[in-house]
Amino acid sequence: MGIINAVRKTIAYQKRNGTRAAFFAALERVSDKIKNKYEFVPCNEAALNEQREEYKLLAKAGNLAMFSIVVPLFNTPEKYLREMIESVINQTYGDWELILADASPKPLDLAREYGDKDPRIKYYHLDKNAGISENTNKGIEKATGDYIGLLDHDDFLTPDALYEVSRVIRKSMKQNKLSVYKSCPVRLIYSDEDKFDDSKGKYVEPHIKPGFNMDLLLSNNYICHFTVMRADVIRRLKLRKAYDGAQDFDLFLRACAEATLEMPAASGQVVHIGKILYHWRCHSASTAANPASKTYAYEAGKKALLDLCNRYRIKAEVEPLPHLGFYRINYVPNIYSCRSDVGCVGGKILNKKGRIAGGAYTKDKSLMYAGLPEGYSGGLQHRAVLQQDCYAVDVRCIAVREDLIPVYEQITGVKYENSYICALDGTLDGKVSTADGFSSFTPDAIVEMSVRFGEEMKRRGLRVVWDPRAVKRVK
């Protein structure tokens, strides 16, 4: 990480996006570092011992979920290799196997030694290096678990990672009165993560993720690590060599799209664990430390999104955003003609100071990104500038599916106009809006109407999408 790397990132960003954008990006990053001091707090030993005891009781009762953790190796430094393997050995949940698929020119002696000592560690030296996707697929072929997790060769898990994942699966199995794991509705589980700065020995940049959000996933691979998938799903979908560099993103897109764009609902199929279970190591050659070190990965990500759009007959263009690895889907001619799962789409409201005063709302009527200045992206994950699902959008800047216009007018008492498209295509062109149908309502009343309309969308099983590129200014 360090100052030199930060300067390099800023210069590269300035070259891609211009001086003004680089200024705001640097200003926001400094502000975030001052406000958000981070210290990783590991699970204490007492809690870990409780998990170990619980595992023993579960093991006696039988029918435990078996996990396969697949790790593609390639010239992995011994220090990183040892720490990665030990992080799996130290799991409080013991029903696992570690599949090491080694594509190094010469076998890694340390990996082989671990395999000789522990039968749960299965080491395979591959005939050739076929690339990250094919090497990983070789490991998946060897896996025998009910669920398969992916772990990079230089990263490491927290000791409670598999325990927490097993809890999600056991809960779903119990709720659905199931006994066979391949029948479990949960197809993909992901956790929060942080980075480990190898040069300083410090945990940094926590990524605290939201619950499953398909449109956010279409904007970037926010799922990332630690991810575990039901074995039958990952074996069927596999990783695709044509998307090397973004192979995980491509896999997650396809797995999640099946659950949201093909099936009635994703409820219970994709689950988020709100706890850091994965440490992504930052070192000089890693993407974590220097995103620009794998520029080809971002082209592969764009390619994966285009493939998904084609697969589901979504006519759209994929636009790379200023921050590497982040994208925008531009639907042609609009989102409704492409996606029957969307009920409405809305933009953001800026006040006279250029700060967010309306836009995306949560179920409890809180405004997301409230007060964020114009030009800021919302932190390290840039979530405030990404298309995403939300509970409700502001009724003052909204586009509604045609058949739902009467519902909008009934809830708001205001004649519908497509204020979103005006905000998106620049018709408003920075003008402050005063003459709309909402000027007589209080801010609280507007929020109430927005959330009520969002609730109606949820009742009908429709998605509410927020698009922060559409901007409406109010006094």
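See above for the structure.
In what follows, the accompanying structure is described. It should be emphasised that the depicted structure is a prediction, and the values quoted were computed from it without experimental measurement. (Residues numbered from 1 in each chain as written. Predicted model: local features only at pLDDT ≥ 70, side-chain atom pairs only at ≥ 80, totals over all residues. Heavy atoms only, no water.)

1. Some points on the environment of G201
Rules: Secondary structure elements follow DSSP: runs of H or I no shorter than four residues count as helices, runs of E no shorter than two count as strands, and numbering proceeds from the N terminus.
Inspection of the secondary structure assignment puts G201 in the loop between strand 6 (188–197) and strand 7 (202–207). Taking the C-alpha atoms as reference, G201 lies 9.9 Å from R281; in sequence the two are 80 residues apart.

2. Quick look at empty space enclosed by the protein
Put simply, the rule reads: Think of a 1 Å grid over just the protein atoms. A cavity is a set of points where a 1.4 Å probe fits yet cannot get out, a pocket is an open set with protein on both sides within 12 Å along at least five of seven lines, and lining residues have an atom within 4 Å of a point. Grid points are joined across faces, edges and corners, and a volume is the space filled by probe spheres set on the points. For this scheme, ten residues count as nonpolar: Ala, Val, Leu, Ile, Met, Phe, Trp, Tyr, Cys and Pro. Four count as charged, namely Asp, Glu, Lys and Arg, and the remainder, Gly too, count as polar.
Under the counting rule described, the total for this entry stands at 2 cavities of 30 Å³ or more. Of the volumes computed, that of the largest cavity is approximately 90 Å³. Taken together, the elements giving at least two residues each to the lining of the largest cavity come down to strand 1 (67–73), helix 6 (132–142) and helix 10 (247–262). Volume-wise, the second largest cavity comes out at about 40 Å³. Lining the second largest cavity, in full, are L218, L261, L308, C309, I314, I329 and Y331. When residues of the lining of the second largest cavity are traced back to their parent elements, those giving at least two are helix 11 (295–311) and strand 11 (327–331). Looking at the lining of the second largest cavity, its residues break down into 7 nonpolar, no polar and no charged.

3. Points about the packing of helix 3 (residues 45–61) against helix 7 (residues 161–175)
What describes two packed helices is the angle between their axes and the distance between those same axes. Inclusion rule: Axis definition: a line fitted to C-alpha atoms, over the contacting stretch in the case of helices. Angles run 0 to 180 degrees between N-to-C directions. Should an angle fall under 35 degrees it is called roughly parallel, over 145 degrees roughly antiparallel, and 65 to 115 degrees roughly perpendicular, with every other angle called oblique. Here is the rule for handedness: rotate from the far helix to the near one, and if that takes an anticlockwise turn smaller than a right angle the crossing is left-handed, while a clockwise turn gives right-handed. Contacts: residue pairs with any heavy atoms within 4.5 Å of one another.
Where helix 3 contacts helix 7, the axes come no closer than 12 Å and their chain directions differ by 45°. In terms of orientation, helix 3 lies oblique with respect to helix 7. Pair helix 3 / helix 7 crosses with left-handed handedness. Each of Q51, E54 and L58 in helix 3 lies in contact with helix 7, whose residues at this interface are Y163, E164 and R170.

4. Topic: the pattern of salt bridges
Quick note on the threshold: Criterion for a salt bridge: a side-chain nitrogen of Lys or Arg within 4 Å of a carboxyl oxygen of Asp or Glu.
On inspection of all chains with the given rule, the structure shows 33 salt bridges. Among the ionic pairs, K79 bridges to D198, the shortest N-O distance being 3.7 Å. Here K79 is found in helix 4 (residues 78–89), whereas its partner D198 is found in the loop between strand 6 and strand 7, with 119 residues between them in sequence. With a closest N to O distance of 2.9 Å, R460 and E456 form a salt bridge. What emerges from the salt-bridge pattern is a single network uniting D215, R339, D341, D389 and R463.

5. Comments concerning helix 3
As a reminder, the rule being used: Under the convention used throughout, the expected extent of a helix is 1.5 Å for every residue step, that is, one less than its residue count. Only protein chains enter the accessibility calculation, which uses a 1.4 Å probe; a residue is then buried when its area is under 20% of its type maximum, exposed when over 50%, and partly exposed in between. This arc is built from the directions going out from the helix axis to the C-beta atoms.
Its 17 residues place the ends of helix 3 25 Å apart at the C-alpha level, agreeing with the 24 Å of an ideal helix rising 1.5 Å per residue. Taken together, the buried positions of helix 3 are occupied by L48, Q51 and Y55. The buried residues of helix 3 all sit within an arc of 55° when viewed along its axis, so they share a single face. Along helix 3, the residues that are exposed and aim more than 90 degrees away from the buried face are E50, L57, K60 and A61.

6. Here's the deal with a negative patch on the surface
Worth spelling out the cut-off: Patches were defined on residues exceeding 30% relative accessible area and lacking a salt bridge, with like-charge contacts within 9 Å and nonpolar side-chain contacts (Val, Leu, Ile, Met, Phe, Trp, Tyr) within 5 Å. Using a 1.4 Å probe, accessible areas were evaluated by the Shrake-Rupley method; residue-level cover was limited to the displayed protein chains. The sign given to each residue is positive for Lys and Arg and negative for Asp and Glu; His and the chain ends receive no count. Note on charges: their place is set at NZ of Lys, CZ of Arg, CG of Asp or CD of Glu.
A cluster of acidic residues, E78, D109, E113 and D116, forms a negative patch at the surface. It is helix 5 (residues 109–117) that provides the largest number of residues to the negative patch, a total of 3 residues. Note on placement: E113 falls in helix 5. For E113, a relative accessible area of 43% corresponds to the partly exposed category.

7. Notes on helix 5
The set of residues buried in helix 5 consists of L110, A111, Y114 and G115. In a view along the axis of helix 5, the buried residues occupy a sector of 140°, so they form one face of it. Exposed side of helix 5, more than 90 degrees from the buried face: D109, D116 and K117 are the residues found there. Along its buried surface, helix 5 packs onto strand 1, helix 4, strand 2 (96–102) and strand 3 (121–125).

8. Quick notes on the packing of aromatic side chains
Applicable threshold: Stacked, edge-to-face and tilted labels apply to pairs of Phe, Tyr and Trp rings (six-membered ring for Trp) whose centres lie within 6.5 Å, assigned for plane angles under 30 degrees, over 60, and everything in between, in that order.
With the rule as written, the count across this model stands at 13 aromatic pairs. Between Y190 and Y222, the aromatic rings sit 5.6 Å apart at their centres with planes inclined by 85°, giving edge-to-face as the arrangement. Taken together, the residues span a long stretch of sequence, with Y190 in strand 6 and Y222 in the loop between helix 8 (214–217) and strand 8 (227–230) at a distance of 32 residues. Taking relative accessible area as the criterion, Y222 reaches 2% and is therefore assigned buried. Taken together, a centroid distance of 6.3 Å and an interplanar angle of 15° make the contact between F249 and Y327 stacked.

9. Remarks on the nonpolar core
Quick note on the threshold: In these notes, a set of buried Ala, Val, Leu, Ile, Met, Phe, Trp, Tyr and Cys residues joined through side-chain atoms within 4.5 Å is what counts as a nonpolar core.
Of all hydrophobic cores here, the largest spans 88 residues; its most connected members are L188, C344, V400 and F453. Broken down by element, the residue count for this core peaks at 7 residues, all from helix 10. When residues no more than four places from it in sequence are discounted, the contact partners of V400 are Y336, G343, C344, I405, Y408, Y416 and F453. One finds L73, L81, L98 and L100 within the second-largest nonpolar core, a separate group that totals 43 residues.

10. Focus on unusual backbone geometry
The omega torsion across H225 and F226 is -20°, close enough to zero to call that bond cis. Inspection of the secondary structure puts F226 in the loop between helix 8 and strand 8. The omega torsion of the bond from V332 to P333 falls at -5°, within 30 degrees of zero and hence cis. Looking at where P333 falls in the secondary structure, it is placed in the loop between strand 11 and helix 12 (335–338). Of note in the backbone geometry, K177 takes a positive phi value of approximately 50° without being a glycine. For K177, the location among the structural elements is in the loop between helix 7 and strand 6. In this model, E205 sits at a positive phi of 45°, which is unusual for a non-glycine residue.

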